[in-house]
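For reference, the chains in residue letters:
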Amino acid sequence: MSTFELKTHQIGRTYSQPHFFILNKGQNSGKPLINPCPNCFVVTVPTEEEKHTLYHLSMMLQIGGFYAYYLKGSVIPFISINDCRNTLKDGYTSLLNESKELQKHISIVSAISRKEAELQKVISKMADLKVSYIQSLFHKKQNRATKGNKNLINLLA
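If you're wondering where the values come from, they're calculated on a predicted model, not measured in any experiment.

Visitor: Please explain the packing of aromatic side chains as it appears in this structure.
Guide: Tallying each qualifying case throughout the model produces three aromatic pairs. Between F20 and Y55 the ring centres are 5.5 Å apart and the planes differ by 80°, which places this aromatic pair in the edge-to-face class. Of this pair, F20 sits in strand β2 (residues 19-23) while Y55 sits in helix α1 (residues 48-63), placing them 35 residues apart in sequence. The exposure class of F20 is buried, given its relative accessible area of 0%. Ring geometry for Y69 versus Y70: centroids 5.0 Å apart, planes at 90°, classification edge-to-face. Since its relative accessible area comes to 67%, Y69 is described here as exposed.

See below:
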């Protein structure tokens, strides 16, 4: 069984053990993070392998909406540290007996996430291309209008 420790992250604190962070406020509560933010928990584990497993398990739980069930608060929703800990622990123990299956699921979700990131980059580049095309279209029209105005000024002079 994984022995992880979940605590509230204190800004400026560094950790020597393998660790990752879990967002605890907002609609993305439960989302695992590599870098800390002001509203997050820190998960420390003894090995990098456990970090990798728990990171991706937390990602699966967040995407699956398992953390969302425990959100509290009307203006800014948040998840409590105990609810986060228990959800992560329950998710891990339910898949613990199928260790090879868990690794298989993690690799599939990781591959999907990588592909999603690639597609997001393509979408971003397509949006940039669209903006550039539209700007160049209007820039050409402005140049024609400016040349036309110069010709009109020359005729009037």
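Visitor: So what exactly am I meant to see when it comes to a nonpolar patch on the surface here?
Guide: Together, Y133, I134, L137 and F138 make up a nonpolar patch on the protein surface, roughly 410 Å² of accessible area in all. Relative to the helices and strands, Y133 is located in helix α3 (residues 99-156).

Visitor: What is the right way to look at the pattern of salt bridges in this model?
Guide: When the charged atoms of two side chains lie near each other, side chains of opposite charge can form a pair. Tallied over the full model, the rule gives four salt bridges. Residues E118 and K115 are paired through a salt bridge, measuring 3.6 Å at the closest nitrogen-oxygen approach. With a gap of three residues between them, E118 and K115 both fall in helix α3, about one helical turn apart. Judged by relative accessible area, E118 falls into the partly exposed class, the value being 45%.

Visitor: How should I be thinking about helix α2 (residues 81-96) in this particular structure?
Guide: Given 3.6 residues to a turn, an α-helix orients residues that are three or four positions apart in the same direction. Given a rise of 1.5 Å per residue, 16 residues ought to cover 22 Å, and the 22 Å separating the end C-alpha atoms of α2 matches this to within 8%. Turning to α2, its buried residues are D83, C84, T87, L88, G91 and Y92. Angularly, the buried residues of α2 cover 160° about the axis, an arc narrow enough to put them on a single face.

Visitor: How should I be thinking about the pairing of strand β4 (residues 40-44) in this particular structure?
Guide: Look at any regular strand and the pattern is simple: side chains alternate between the two faces of the sheet. Most of β4 sits inside the fold, with five of its five residues counted as buried. By the alternation rule, side chains of β4 split into C40, V42 and T44 and F41 and V43, which are all buried. Alignment of strand β1 (residues 5-8) against β4, held across four bridges, turns out to be antiparallel. Bridged to T8 within β4 is F41. Direction of pairing for β2 relative to β4: antiparallel, over a ladder of five bridges. Bridge pairing in β4 places I22 opposite F41.

So, how was this worked out
- Residues numbered from 1 in each chain as written.
- Predicted model: local features only at pLDDT ≥ 70, side-chain atom pairs only at ≥ 80, totals over all residues.
- Heavy atoms only, no water.
- Phe/Tyr/Trp six-rings, centres within 6.5 Å; stacked < 30°, edge-to-face > 60°.
- Helix = DSSP H or I, 4+ residues; strand = E, 2+ residues; numbered from the N terminus.
- Buried < 20%, exposed > 50% of the residue type's maximum accessible area, 1.4 Å probe, protein only.
- Patch = residues over 30% accessible without salt bridge, like charges linked within 9 Å, V, L, I, M, F, W, Y side chains within 5 Å.
- Areas by Shrake-Rupley, 256 points an atom, 1.4 Å probe, with all protein chains shown as cover.
- Salt bridge = Lys/Arg side-chain N within 4 Å of Asp/Glu carboxyl O.
- Expected span 1.5 Å × (residues − 1).
- Arc of directions from axis to C-beta.
- Pairing = 2+ DSSP bridges.

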